[in-house]
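Descriptive structure summary
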Amino acid sequence: MSTDFPLVVIRGAGDLASGIALRLHRAGFPVIHTEIEQPLAVRRTVSFAQAVFDGCCRVEEVTGRRCEFADAAAVIAAGEVAVIVDPAGETLRQLQPPVVVDAIMAKRNTGTRREDAPLVVALGPGFTAGADCHAVIETERGHNLGRVIWQGSAAPDTGEPGELPGVGRRGSRVLRAPVAGHVFGRYLIGDTIAEDAEIAAVRDAQGNEHAIVAPFAGVLRGLIHPSVTVFAGMKIGDLDPRADVAACFTVSDKSLAIGGGVLEAILTWRARGQTQ
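All of the points below concern the structure found in this document. (Residues numbered from 1 in each chain as written. Predicted model: local features only at pLDDT ≥ 70, side-chain atom pairs only at ≥ 80, totals over all residues. Heavy atoms only, no water.)

Our focus in this paragraph is the pattern of salt bridges. For the structure on display, the rule yields 14 salt bridges. E90 is paired through a salt bridge with R93; the nearest N and O atoms lie 2.9 Å apart. Here R93 and E90 lie together in helix α4 (residues 90-95), a separation of three residues that amounts to about one turn. For D238, the salt bridge goes to R221, with nearest N and O atoms at 3.2 Å. Here R221 lies in strand β15 (residues 218-223) and D238 lies in strand β16 (residues 235-240), a separation of 17 residues in the sequence. Of the two residues, D238 and R221, neither departs from the other in class, the shared state being buried. (Salt bridge = Lys/Arg side-chain N within 4 Å of Asp/Glu carboxyl O. Helix = DSSP H or I, 4+ residues; strand = E, 2+ residues; numbered from the N terminus. Buried < 20%, exposed > 50% of the residue type's maximum accessible area, 1.4 Å probe, protein only.)

Written out as structure tokens, the structure is:
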């Protein structure tokens, strides 16, 4: 791996994490994602987490490939993004990478420490720059989206997704599981869906199906993988009222803004001479 571009290990491989990986990869940085065995990604067409299920996937023009730790260097050398199933964090302990990004988006710190790497960057609420990481990237839409915070925290979690044009508060774009079980889609990501249509159903442990109905007409932007066990109230899908099917297959403006913030944090750190 080139010493000009330090290795970046990103915890999580959902859509925001993948937007970061895409920007870093394009800029020349070698990237490894670590994920859990059943990733919770909803926007699977733009998430490198899909490689966990399929072995490999593409986010825009970049290929992500599931691999074992020993094969990660070869995957990166082939011009791809490595995806390792590693919930225990062995990758960090064995590689000791210069840069770690916590992009799990759990809205809380699930174990990341400032001592994990010479530069530790974390996304959104749940972290404090100068305490459990070196820099925090603002993830709340608005004036500060993508801003690098070197001291302090990001805006607190509101618990509400951002409003989309034409919908407001009459219906949430976020689809949630009515009960625990597994999600079975009636449509594919990218399909246009009419208001009140049954988008998907959650099959519970007794085999009963519980419908998830579209609160408004839109395009299905994301749906969780059917192998993932979900719980009641969990985010399992994303319905977009804007009739832009292409947006289902490209990284969002929010992901790119956050990715730009991470890139800025790394370059600022290097410019200050704080490399290992």
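It is worth spelling out the pairing of β15 at this point. Where burial is concerned, most of β15 is hidden: six out of the six residues are buried. Both β15 and β16 contribute to a ladder of four bridges, which runs antiparallel. Each residue of the ladder has a partner; that of L220, found in β16, is L239. (Pairing = 2+ DSSP bridges.)

Where helix α1 (residues 15-27) contacts helix α5 (residues 253-271), the two axes come as close as 8 Å, and the packing angle between them is 55 degrees. The orientation of α1 relative to α5 falls into the category oblique. In this structure, α1 meets α5 at a crossing whose hand is right-handed. Within the contact between the two elements, α1 uses D15, L16, G19, I20, R23, L24 and A27 and α5 uses K254, S255, L256, A257, I258, G259, G260, V262, L263 and I266. In terms of residue class, the contact of α1 with α5 is made up of 10 nonpolar, four polar and three charged. (Axes fitted to C-alpha atoms, helices over the stretch in contact; angles between N-to-C directions. Parallel < 35°, antiparallel > 145°, perpendicular 65-115°, else oblique. Left-handed = near helix turned anticlockwise from the far one by under 90°. Contact = heavy atoms within 4.5 Å. Nonpolar A, V, L, I, M, F, W, Y, C, P; charged D, E, K, R; others polar.)

All chains considered together, the criterion is met by one aromatic pair. Here the aromatic rings of F5 and F29 are separated by 5.4 Å at their centres, their planes lie at 80 degrees, and the arrangement is edge-to-face. Separated by 24 residues along the polypeptide, F5 in the segment before β1 (8-11) and F29 in the loop between α1 and β2 (31-35) bring together distant segments of the chain. Just above the ring of F184 sits the side chain of R203; from NZ or CZ to the centre is 4.1 Å. Positioned above the aromatic ring of W150 is the side chain of R272, whose terminal nitrogen or guanidinium carbon lies 4.6 Å from the ring centre. (Phe/Tyr/Trp six-rings, centres within 6.5 Å; stacked < 30°, edge-to-face > 60°. Lys NZ or Arg CZ within 6 Å of the ring centre and 35° of its normal.)

None of this, on its own, says anything about what the molecule does.
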